[in-house]
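Now for the letters of each chain:
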Amino acid sequence: MRSGIVLSLVLLGFAVGCAGRQEPETPDYEAIYDAPLDEMWPSVREYFTNANLPFREDKGSRVLETEWKQEFGGSKISGFWHRYLVMGKRETPTKSKLWIIRITKSMNKALSAPGKELEWGASRTIGSNPGSRNTGAPGDESSTSSGALSISAEDDEDRYSFPRGENGFYVESGQGTRDLHMEWRVFRGIAPHLEKKAPVTVVQKVARAPDAKQAAPEFTECGQEIIGLKARAKAGGVMLLGELHGTQEVPRFIAQAVCQLVTSGTPVSVGLELPVENEERVITFLKSEGGEEDWLKLMEAPFWRSPYPDGRGSEAVANMLEQLRQLRGRGLDVEAFVYDHPKLSGQKREDALTQTVLGHVKAGPSRFHLVVSGNIHPRTAQGLPWDKQYQPMGRLLKAQLKNVLSLDMAYDSGSAWICAADQKGRKLDCGVKETKGKDNGDRFFVHVWDSPNKEGYHGVFYVGRVSASEPAIDKGLGRPSDAVPPQEPEVPPSTSGL
């Protein structure tokens, strides 16, 4: 075995920075193993076994595919599944590398655009009998690590040419995208073993809750990495998100961001623009088992029954609370607070919002605070078109805290549940409305500008194409997902996700 691990900087269309640049968590070049593929591959198998990611393997070709793993609790909105296609490649006779393709799937058929589904076919398999269908279902020979598998060809790259990215799940299909973050996570778990004969480890430094009843799991699935997020998440810092209420995507962005941060060692507090009277209900729910009675206690508050539901009480928000509850239930350090004062208005309301958020930030100086609201409150510039002296919450917080980042929402066109004045301007009309945005791809990302814009935003957080989320109360008093029983995605033949 080689005396050490050597990294070759194989550029992926990016220039590597100058000497002295701080190494990012996910570098923009490939990890090269200083070992032949045949010597490295057993450690790959051991890694996925230790990560509790059952897999099927194509014997002799150095290709494996993990089983579907659910990201969060099942519902027609938050039910997402992931699997990995892992392909070993020979770099040189003495060096090797891995390609890891993340496959994402949803059971949300309502969001499936016509013509977007992939065509699954038995003709794309290796070593299978014509017409055979290997489902990978429990009891199928292919469902075990040692079973034979008919699997897609390694060079079948047309499967990965679709620019779907993380948001590929919205077409209810198994779109794939290369996952450099996972490649480096596996490398860091295997490299010490190849160099020093140390055990293969599943590297995941998590932020564990002080009152956790059980140790955090070795591997938690958090979805495709949100570009630019972790570099902005610092202890004591505040990230203000100015959102368009009533979408499925913003609550998902928050849940995914929290998951990725706490599983990388950063404790997170989420601030929600809900009435302060709901604080005890929210905290109690996050610490609960998530049973029917726990949901009833959360949802019986008057807030969820507003005659003008503006999107803050959507099914997606309720499911986000469930996702945060699940993370906390796994022993991860996740907290939430609410800070709205709906009985106040104008500047008095901004002052009250500021003091409530400020109190939580000062009480948790070692935590990162992710605070979401409508897109007026996070602004750090003074004045509004109708009041030039107006001081938004973002401006007031920035005057008292060192690390405040204000981000406006960027999104592709779609729909949202919006309350707006009717044509006569006499009352609010709430419902699903079209939204106009700009397509910036399918990956969630955070982008910060060189200087703030005229509203005082420092940058944007992008959530892709938006889809409306209706009021949670319309789904019943209990768990919002009860309206549609949770179920796993239909598993296609063994070519699924490849």
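Everything that follows concerns the structure shown earlier in this document.
**Student:** Looking at this model, I keep getting lost on the overall build of the protein. Mind explaining?
**Tutor:** A count of helical and extended segments in the protein gives 8 helices and 15 strands. By sequence separation, contacts in the protein at least 24 residues apart represent 75% of the contacts at least 6 residues apart. Of the roughly 21900 Å² of accessible surface on the protein, 51% is carried by carbon and sulfur atoms.

**Student:** I tried to follow the pattern of salt bridges on my own but got confused; where do I start?
**Tutor:** Side chains carrying opposite charge are able to pair once their charged atoms draw close together. Within this structure, the stated rule accounts for 26 salt bridges. Residues K297 and E293 are paired through a salt bridge, measuring 3.6 Å at the closest nitrogen-oxygen approach. Taken together, the positions of K297 and E293, both in helix α5 (residues 292–299) and 4 residues apart, correspond to about one turn of that helix. K297 gets classed as partly exposed once you look at its relative accessible area, which sits at 44%. Note on E293: relative accessible area 52%, which makes it exposed. Through salt bridges with shared partners, a single network forms among E30, E91, K97, R178 and E183.

**Student:** Help me out: how do you make sense of helix α3 (residues 249–262) in this one?
**Tutor:** Note on helix geometry: an α-helix contains 3.6 residues per turn, so any two residues three or four positions apart are oriented the same way. Taking 1.5 Å of rise per residue, the 14 residues of α3 would be expected to cover 20 Å, and the 20 Å separating its terminal C-alpha atoms lies within 8% of that figure. The buried fraction of α3 is high, at 14 of 14 residues.

**Student:** Mind showing me how you'd approach the state of the cysteines here?
**Tutor:** Cysteine pairs can be linked by a disulfide, which is a covalent bond between their two sulfur atoms. Considering all chains together, one arrives at 2 disulfides under this definition. Between C419 and C430 runs a disulfide, and the two sulfur atoms are separated by 1.9 Å. Judged by the sign of its S-S torsion, about 110 degrees, the bond between C419 and C430 is right-handed. Of this pair, C419 sits in strand β12 (residues 414–421) while C430 sits in strand β13 (residues 428–435); the two residues are 11 residues apart in sequence, bridging distant segments of the chain.

**Student:** Would you take a moment to explain the packing of helix α4 (residues 279–286) against helix α6 (residues 315–329) for this structure?
**Tutor:** Any two packed helices are characterised by the angle at which their axes cross and by the distance between the axes. Remark: α4 packs on α6, axes separated minimally by 8 Å, with the N-to-C direction vectors making an angle of 50 degrees. On the basis of their axis angle, the class for α4 and α6 is oblique. Contacts between α4 and α6 involve V282, F285 and L286 from the first element and L321, E322, L324, R325 and R328 from the second. When the residues that make up the contact of α4 with α6 are grouped by side-chain class, the tally is 5 nonpolar, no polar and 3 charged.

**Student:** What's the story with the pairing of strand β4 (residues 80–92) in this structure? I'm lost.
**Tutor:** The side chains of a regular strand alternate, residue by residue, between the two faces of the sheet. Taking burial as the measure, the 13 residues of β4 include 10 buried ones, the bulk of the element. In the sheet, strand β3 (residues 69–70) pairs with β4 via 2 bridges, with the strands oriented antiparallel. Opposite K69, over in β4, you have H82 as the bridge partner.

**Student:** Can you help me understand the nonpolar core in this one?
**Tutor:** Judged by nonpolar contacts, the single largest core of 53 residues is most densely connected at L241, I254, V258, W304, L370 and F461. Looking at this core, the element that brings in the most residues is α3, giving 9 residues. The next biggest cluster of nonpolar side chains, apart from the first, holds 29 residues, and it includes F48, L64, V186 and I190.

**Student:** Would you mind going over unusual backbone geometry with me for this structure?
**Tutor:** Backbone phi values are negative for most residues with the exception of glycine, while trans is the configuration of most peptide bonds. One non-glycine residue, N52, lies in the positive phi region at around 55 degrees. Following the sequence through the fold, N52 ends up in the loop between α1 (37–50) and β1 (55–58). A relative accessible area of 58% places N52 in the exposed class.

**Student:** Whenever I open this one, the sheet that holds strand β10 (residues 368–374) confuses me. Can you help?
**Tutor:** The strands that make up a sheet pair up through hydrogen bonds in the backbone, lying either parallel or antiparallel. If you trace the 7 strands from one edge of the open sheet to the other, you get β9-β8-β10-β7-β11-β15-β14, paired in mixed fashion. At either end of the open sheet lies a strand with only one pairing partner, and these are β9 (334–340) and β14 (445–448). For this sheet, the mean inter-axis angle between neighbouring strands, taken without regard to orientation, is 25 degrees. Relative to β10, strand β7 (residues 238–243) runs parallel, the two being bridged by 6 bridges. From the neighbouring strand, E243 faces β10, where its bridge partner is G374.

**Student:** Please clarify how the environment of Q347 should be interpreted in this entry.
**Tutor:** Note on placement: Q347 falls in helix α7 (residues 346–363). In this structure, Q347 is in contact with Q389, Y390, Q391 and L396, ignoring residues within four places of it in sequence. From its side chain, Q347 meets the backbone nitrogen of Q391 in a polar contact 2.8 Å long.

**Student:** Please explain the environment of W295 as it appears in this structure.
**Tutor:** Secondary-structure assignment places W295 in helix α5. W295 sits in the buried class, given a relative accessible area of 0%. The sequence separation of W295 and A318 amounts to 23 residues, and the corresponding C-alpha distance is 9.4 Å.

Cut-offs used in this document
- Residues numbered from 1 in each chain as written.
- Predicted model: local features only at pLDDT ≥ 70, side-chain atom pairs only at ≥ 80, totals over all residues.
- Heavy atoms only, no water.
- Helix = DSSP H or I, 4+ residues; strand = E, 2+ residues; numbered from the N terminus.
- Contact = heavy atoms within 4.5 Å.
- Areas by Shrake-Rupley, 256 points an atom, 1.4 Å probe, with all protein chains shown as cover.
- Salt bridge = Lys/Arg side-chain N within 4 Å of Asp/Glu carboxyl O.
- Buried < 20%, exposed > 50% of the residue type's maximum accessible area, 1.4 Å probe, protein only.
- Expected span 1.5 Å × (residues − 1).
- Disulfide = S-S within 2.5 Å.
- Axes fitted to C-alpha atoms, helices over the stretch in contact; angles between N-to-C directions.
- Parallel < 35°, antiparallel > 145°, perpendicular 65-115°, else oblique.
- Nonpolar A, V, L, I, M, F, W, Y, C, P; charged D, E, K, R; others polar.
- Pairing = 2+ DSSP bridges.
- Core = buried A, V, L, I, M, F, W, Y, C linked by side-chain atoms within 4.5 Å.
- Polar contact = N/O pair within 3.5 Å; in protein donor to acceptor, adjacent residues only side chain to side chain.

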